[in-house]
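One letter stands for each residue in the lines below.
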Amino acid sequence: MAKELLKVSNLEIEFKTENGIVQAIRGVDFNLHVGETLAIVGESGSGKSVVTRAVMGILANNGVVKAGEILYTDSKGNQVDVTKMSKKELPKIRGGEIAMIFQDPMTALNPVLTIGTQIVEAIQLHQKDENGKDLSKTVAKAKALELLTLVGIHDPEVRFKQYPHQFSGGMRQRIVIAIALGCEPRVLIADEPTTALDVTIQAQILELIKEIQQRLNLAVIFITHDLGVVANVADRVNVMYAGRIVEAGSIDEVFYNPRHPYTWGLLSSMPDIESENAELFSIPGTPPNLLYPPKGDAFAPRNKWALDIDFEMQPPMFKVSENHYAATWLLDPRAPKVDVPEIVLKRVRQHVEGGEN
């Protein structure tokens with residue numbers, strides 16, 4: 001197996017608000033290896049972006065890591081705990097080791113600076129020459145032009161001098177990717193990078209990230225609320241709900257043998273691409289208020305297969321296979337057998353197999 005770059009253990013994060021303490025992350029564990037793509041999926045508010053911001057050390061001022069570790073092995077082979085790094089130490093890994101593509105490229109870019117200036121700045125901050133010295137602007141500009149070409153921006157010499165407002169949404173997202181790559185990271189976090197884009201551009205950006213990941217052997221964490229988006233992008237997937245990971249495994253295992261009812265709901269929510277007037281499925285109810293985390297399984301009030309114990313005790317992670325786990329009491333040997341709903345299998349056939357079956 002490839003070398004482990006990142007290991008998150010028992011992570012708990014709280015946010016202090018006027019209304020009380022929000023228990024946003026409630027014991028999260030996962031790891032990331034060199035060259036792989038890990039998807040983190042879940043509804044808005046599930047905690048997926050909070051986890052990755054903690055990895056970057058960019059939590060909001062009212063956010064506090066209450067417990068756990070975020071262990072990162074840097075390019076020199078040293079293992080550091082991001083949660084214990086000071087504000088002066090964090091820039092050693094932020095950007096140069098771990099970079100992020102943000103959800104909204106317009107707010108991620110400075111509107112009063114040319115895109116060339118912004119890419120050059122990232123390059124000069126994080127790259128050195130073979131003697132360990134700062135790069136000149138001429139060398140940095142040449143690297144910036146190479147990056148613009150890499151991410152599919154035509155006429156890079158002309159585009160280099162233009163401002164963010166002179167680009168479409170999809171092109172701005174490509175520029176944000178170029179800035180992240182200018183830092184020469186080993187881990188790239190893509191935080192819902194296609195949410196604001198139309199379907200055609202979404203596909204182009206996904207393919208671009210995939211190509212760059214393979215070419216540069218990056219480890220990628222891909223955050224999304226749409227399981228269909230990651231079907232052909234990720235190697236593994238973590239499904240998050242109410243600040244916890246409720247199912248984890250390889251893409252094939254989670255798509256073809258999903259075990260948690262919440263995963264069933266997410267898969268069922270993918271649109272029916274074979275029927276013209278098919279009703280779009282939605283998971284009933286709403287996520288819980290994490291000011292007051294519910295007793296037992298947080299998904300129980302929305303789960304038609306919930307057992308009595310779901311309202312009393314949080315389920316542990318049950319082992320489905322060597323690399324597949326799910327936190328649902330339905331996997332307890334004493335629980336009644338519940339088969340994967342047919343609508344789930346139908347959506348998987350449509351979106352993963354292209355509707356061939």
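Residues numbered from 1 in each chain as written. Predicted model: local features only at pLDDT ≥ 70, side-chain atom pairs only at ≥ 80, totals over all residues. Heavy atoms only, no water.

### A look at empty space enclosed by the protein
By rolling a water-sized probe across the atoms, one finds the places where empty space is left.
Next, step 1: A complete count under the given rule lists one cavity of 30 Å³ or more for this structure.
Next, step 2: Lining the largest cavity are Tyr241, Arg244, Val246, His260, Asp297, Ala298, Phe299 and Gln314.
Next, step 3: Split by residue class, the lining of the largest cavity holds four nonpolar, two polar and two charged. (1 Å grid on protein atoms, 1.4 Å probe; cavity = no way out; pocket = protein on both sides within 12 Å on 5 of 7 lines; lining within 4 Å. Points joined across faces, edges and corners; volume = space filled by probe spheres on them. Nonpolar A, V, L, I, M, F, W, Y, C, P; charged D, E, K, R; others polar.)

### Quick look at unusual backbone geometry
Next, step 1: If you check the backbone angles, asparagine 10 has positive phi at about 50° while not being a glycine.
Next, step 2: Tracing the chain through its elements places asparagine 10 in strand S1 (residues 4-17).
Next, step 3: When its relative accessible area of 41% is taken as the criterion, asparagine 10 is described as partly exposed.
Next, step 4: With a phi close to 50°, alanine 242 is a non-glycine residue in the positive phi region.
Next, step 5: Here alanine 242 is to be found in the loop between strand S9 (236-241) and strand S10 (244-250).
Next, step 6: Judged by relative accessible area, which is 6%, alanine 242 ranks as buried. (Helix = DSSP H or I, 4+ residues; strand = E, 2+ residues; numbered from the N terminus. Buried < 20%, exposed > 50% of the residue type's maximum accessible area, 1.4 Å probe, protein only.)

### Some remarks on the layout of surface pockets
Next, step 1: Reported here for the largest pocket is a volume of approximately 640 Å³.
Next, step 2: Considering the residues around the largest pocket, the lining is formed by 28 residues, among which Asp29, Phe30, Asn238, Ala248 and Tyr325 are closest to the centre.
Next, step 3: Residue composition of the lining of the largest pocket, by class: twelve nonpolar, nine polar and seven charged.
Next, step 4: Summarising the domain contributions, the lining of the largest pocket has at least three residues from each of domain 1 (4-234) and domain 2 (269-355).
Next, step 5: In this model, the second largest pocket occupies a volume close to 520 Å³.
Next, step 6: Along the wall of the second largest pocket there are 22 residues; nearest its centre are Gln202, Leu206, Asp226, Gly228 and Val229.
Next, step 7: Where the lining of the second largest pocket is concerned, the elements lending two or more residues are helix H7 (199-216), strand S8 (219-224) and helix H8 (227-230).
Next, step 8: At six residues, the largest contribution of residues to the lining of the second largest pocket is made by H7. (Domains from an automatic or database assignment.)

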